[in-house]
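Coordinates in review
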Amino acid sequence: MTASMEQRRWLDSPSWPYLLVFLCVAVLYVPVYIGLAQDVWPIEDDFHGPIILAVCLWLAWQRWRDFATALADDAAGRVIGWVALAVGLMLYALGRSQDIYMLSLGSQLLVFPGAILAIRGWPSLRTVWFPIFFLLFLIPLPDFVISGLTGPLKQLVSVIAENLLYAVGYPIARSGVILSVGPYELLVADACSGLNSIFTLVALTALYLYLMRYRSLSYNLMLLACAVPIAIAANVVRVVVLVLVTYHFGDEAGQGFVHSFAGLLLFAVALSLVMALDGVLMPVARRLGFNLGHRA
C-alpha cells in the first residue's frame, strides 16, 4: 500500500476528527483545568467541578460509537463550525491572557462544537451535544452574579427559617441574616444562601433528565425549573436543623460535624425529591398530552 493510500485511509477513518478534538483539549484546556484544580476547585462552593468534568468525559465516551458512525456531507454546517471555532479560539485567547476563567472555560462551548461541525457536520454534533452542554456547569459564576444573588437568598432563607421556628414555639428573633435563638446567635453565611446548592442541583437534574431521555422539551424545562425551589427549601431545612442542634446541644455541636453532614444529607434528599417529583408528575403529564416517549 502506498503512502498516499495509507494517508487517505487515515483521513477517511471516523476516529481522526475525534482525535483532533482530544488534542484541542490537551493543548488548550489542560492548563486551564490545572489552574482550576489549584485555584477554584479546592473552594467548598466549587467542589462539584471535578465531578462535572468526569461526567462529561464519561458521557462523551458512552457516545463514541454513535459519534464515529455519524458522518454527513454538510457544507453549511462546516461553515458555521469554522466560524464558531474561530470565535471560540479568540475568546479562549482573551480569557487566558487576562486570566478570566469565565472566558477561557466558556470558549469550550464554541470550540468543541465548532471543531466537530467543521470536520464532521451536524449528525456527529447531535450525538455529543449534551456532554458539551454539560461543560456549562464547569464555568464559575462571575462575582457580580454571586454578590447579586447571595444577599437576597440569605435573606429569604433567614426569614423562612425564623417564621417556621417561631410558629412551633421556639424563642427566635432575626436581625438581617443573624438568627438569635436562646443564648445563641447564628449567622446565615454565604454558604448557607443556597446558591451553590441551586447551581449543583440544576446540573444534576439536567443530567438526570438527559439519562431519562424524555422527548418533551416543555416537561424537561418544567422539572428543571422545579430544582430551584427544591434547593432553596432544602437549604431552609438545613438552617432550621442547625438552629435546633445549636439550641438543644450547644454551639460546638451546631458548628461541628453536623454542619457539614447536614449539607450533604439535605442535598441528597433534594436530588431524591427531584426524582420523586418526576414520578408524581409523569402520569399527570401523560394525561395532559405531554410526549414523554424516550429518545433513541
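The structure contained in this document is the topic of the report that follows. (Residues numbered from 1 in each chain as written. Predicted model: local features only at pLDDT ≥ 70, side-chain atom pairs only at ≥ 80, totals over all residues. Heavy atoms only, no water.)

With that out of the way, let us pick up the overall build of the chain. Of regular secondary structure, the chain possesses 14 helices and three strands. Looking at the chain as a whole, 42% of its 296 residues qualify as buried. Pairs at least 24 residues apart make up 74% of the contacts formed inside the chain by residues separated by at least 6 positions. Of the roughly 15,800 Å² of accessible surface on the chain, a fraction of 70% belongs to carbon and sulfur atoms. (Helix = DSSP H or I, 4+ residues; strand = E, 2+ residues; numbered from the N terminus. Buried < 20%, exposed > 50% of the residue type's maximum accessible area, 1.4 Å probe, protein only. Contact = heavy atoms within 4.5 Å. Areas by Shrake-Rupley, 256 points an atom, 1.4 Å probe, with all protein chains shown as cover.)

As for its position among the elements, Ser107 is in the loop between α6 (101–106) and α7 (108–120). On the basis of relative accessible area, Ser107 is assigned to the buried category, the value being 0%. Residues within four places of Ser107 in sequence aside, it is in contact with Tyr29, Gly88, Leu91 and Tyr92.

All right, on to the sheet that holds strand β2 (residues 178–181) then. Pairing is antiparallel across the open sheet formed by three strands, whose spatial order is β1-β2-β3. The strands lining the two open edges of the sheet, one partner per strand, are β1 (172–175) and β3 (184–187). Between one strand and the next, the sheet's axes are offset by a mean angle of 20°, whatever the strand orientation. Taken together, the four bridges between β2 and β3 define a ladder with antiparallel strand orientation. The residue of β3 that forms the bridge with Ile178 is Leu187. Most of the contacts of helix α10 (residues 143–167) go to β1, to which it runs at about 160°, and overall it touches β1 and β2. (Pairing = 2+ DSSP bridges. Axes fitted to C-alpha atoms, helices over the stretch in contact; angles between N-to-C directions.)

Our focus in this paragraph is the nonpolar core. With 48 residues, the main nonpolar core has Tyr29, Tyr33, Phe134 and Phe137 as its most contacted residues. The element that contributes the greatest number of residues to this core is helix α11 (residues 195–212), accounting for nine residues. In contact with Tyr33, not counting residues within four places along its chain, are Trp41, Leu53, Leu105, Gln108, Leu135 and Leu138. Counting residues in each nonpolar core, the second largest holds 13 residues, with Ala161, Val181, Val236 and Val239 among its members. (Core = buried A, V, L, I, M, F, W, Y, C linked by side-chain atoms within 4.5 Å.)

Moving on, we come to the environment of Val240. Among the structural elements, Val240 can be located in helix α12 (residues 217–249). When neighbours within four sequence positions are excluded, Val240 is seen to be in contact with Ala161, Leu164 and Leu165.

Right, let's get into the pairing of β2. Every regular strand shows the same layout, with side chains that alternate between the two sheet faces. Of the two faces of β2, the one lined by Leu179 and Val181 is fully buried and the one lined by Ile178 and Ser180 carries no buried residue. Strand direction decides the pairing type here: β1 and β2, joined by four bridges, are antiparallel. Bridge pairing in β2 places Ser175 opposite Ile178. In this structure, the hairpin formed by β1 and β2 is closed by a connection of two residues, where Gly176 is found at a positive phi of approximately 65°.

This paragraph deals with the environment of Met282. Looking at the secondary structure, you find Met282 in helix α14 (residues 257–287). Sequence separation of Met282 and Tyr219 is 63 residues, and the distance between their C-alpha atoms is 8.9 Å. Non-local contacts of Met282, meaning those with residues more than four positions away in its chain, are made with Tyr214, Tyr219 and Leu292.

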